[in-house]
Amino acid sequence: MNPYAESAERVALRKAVADLAAGYGRGYFSERARAGEKTTDLWADMGKHGYLGVAVPEEYGGGGGGIGDLAAVCEELATAGCPLLLMVVSPAICATVIARFGTDEQKQRWLPGFADGTRTMAFSITEPDAGSNAHKITTTGRRDGDDWLLTGRKTYISGVDEAESVLVVARTEDARTGRLQPALFVVPTDAPGFEWKPIAMDLLSPERQFTLFFDDVRLPANALVGAEGAGIAQLFAGLNPERIMAASFSTGLGRFALRRATEYVKTREVFGAPIGSHQALAHPLAQSHIEIELARLMTQRAAALYDAGDDAAAGEAANMAKYAAAEAACTVVDRAIQAHGGNGLASEYGLASLLAATRAGRIAPVSREMVLNFVAMHSLGLPKSY
Ligand SMILES: Cc1cc2nc3c(=O)[nH]c(=O)nc-3n(C[C@H](O)[C@H](O)[C@H](O)COP(=O)(O)OP(=O)(O)OC[C@H]3O[C@@H](n4cnc5c(N)ncnc54)[C@H](O)[C@@H]3O)c2cc1C
């Protein structure tokens, strides 16, 4: 098989998702976001067709594919102007962690709902005082008989109002050594002691961000994902899919902006010829096409490495893909707006709202500086700078 071409199944999946998403489109997405409404009908439609569950194992009702398939779904949705942030979180991070590390009971309970999209789980690691330094998180689970009591705070957590539960990255105390070690808990969004408040964001999106407060939230023993002490491995299993999905989200938005700009410059005439005949406009768009295609290639490579079980190589590729995709997306949105002149800032053309959406890709789920730190240290062997 040609390693540089996607399989016929993947290509067909892309087309099917693109066809479905075209029935919704940017207008639908923006109107819902402006009205403070959700895109639940799109999510349900995607779930019904099995597109949200392409990477869930077949025995739990999923498609049995890999993260490369799920990333293709995410990219095609964004390319149609309907980027769904919850795709990065619920079916990618949460379903992957539970499928790889959950107990049999947890898999039975959660995976069928991930497969058909009827269950949505948010993911929370970011804390106000720790930020990019995940080693500093302080949300802690303490044993209380057979139960756990969870206390702490998280911030910028997406989609909590749409989720049934949140996968919370916390710490537990090792009873023998007293040392804190990472542990992942599933916390229902209606658990007593758990409060969440929306953060006012200047992002045009139906999906919102929240600050979470856990005040001695009582959780049953089986709220802890998998075995005690497996938290680090679980976290790493979730982070590569997260970066690959974030990269797809960005390349999709980039393709959307590039297509809009290309169509526009072909027809808009100011000096008696389409403005796309001026190299000052054509070359930046051509550059963006190259940048987006390079980022897509790296994203597919990262997904292929991950799906082949090479977590270490996937880690480097996923970071590089996320970086390249975010840069390509930010750049093309700026160029697309410029090519539209005044129309670039009009709501009707749907581009200005992408400034913040693509900009978020440089910050989350891991900032561009932290990716550069990773590459400097791990790829180039340079000393740690922080
Ligand atoms: C739209 C959106 C959705 C999000 N959704 C989620 C979610 O669902 N779940 C979740 O857990 N989190 C979520 N986040 C949080 C996101 O992951 C964090 O914002 C991100 O990891 C950066 O952390 P921070 O905001 O605390 O920035 P900080 O860590 O405070 O960093 C601020 C700046 O300093 C730079 N910096 C920090 N340390 C270094 C260093 N050592 N070297 C060089 N530069 C450095 C950073 O790169 C950044 O530019 C979301 C964020 C956004 C914007």
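Residues numbered from 1 in each chain as written. Predicted model: local features only at pLDDT ≥ 70, side-chain atom pairs only at ≥ 80, totals over all residues.

1. Section: the domain arrangement of the protein
A common way to express how large an interface is: the accessible area buried when the components associate.
(1) Moving on: By domain assignment, the protein separates into domain 1 (8-120), domain 2 (123-229) and domain 3 (232-379).
(2) Moving on: Averaged C-alpha coordinates put domain 1 and domain 3 at centres separated by 20 Å.
(3) Moving on: When residues of the side of domain 1 that touches domain 3 are traced back to their parent elements, those giving at least two are helix 2 (25-34), helix 4 (67-79) and helix 5 (85-101).
(4) Moving on: Per element, the largest residue contribution to the side of domain 1 that touches domain 3 is 10 residues, and it comes from helix 4.
(5) Moving on: Among the residues making up the side of domain 1 that touches domain 3, the classes are represented as 13 nonpolar, six polar and four charged. (Domains from an automatic or database assignment. Helix = DSSP H or I, 4+ residues; strand = E, 2+ residues; numbered from the N terminus. Nonpolar A, V, L, I, M, F, W, Y, C, P; charged D, E, K, R; others polar.)

2. Some words on the pairing of strand 3 (residues 147-158)
(1) Moving on: Note: strand 2 (residues 140-144) against strand 3, five bridges, orientation antiparallel. When the sheet's bridge partners are listed, Arg143 is paired in strand 3 with Trp148.
(2) Moving on: Here strand 2 hands over to strand 3 after two residues, with Gly145 in that stretch at a positive phi of 65°.
(3) Moving on: In this sheet, strand 7 (residues 209-219) lies alongside strand 3 in antiparallel orientation, the contact comprising eight bridges. Note on strand 7: the bridge partner recorded for Lys154 is Leu212. (Pairing = 2+ DSSP bridges.)

3. A few points about the site of the ligand
(1) Moving on: In the vicinity of the ligand there are 21 residues, among which Gly131, Ser132, Ser367, Glu369 and Tyr386 approach most closely.
(2) Moving on: Looking at the shell around the ligand, the elements with two or more residues in it are strand 1 (121-124), strand 3, helix 10 (353-363) and helix 11 (368-379).
(3) Moving on: When grouped by side-chain class, the residues that make up the shell around the ligand number 12 nonpolar, eight polar and one charged.
(4) Moving on: Three or more residues apiece are contributed to the shell around the ligand by two domains, here domain 2 (123-229) and domain 3 (232-379). (Near = placed C-beta within 6 Å.)

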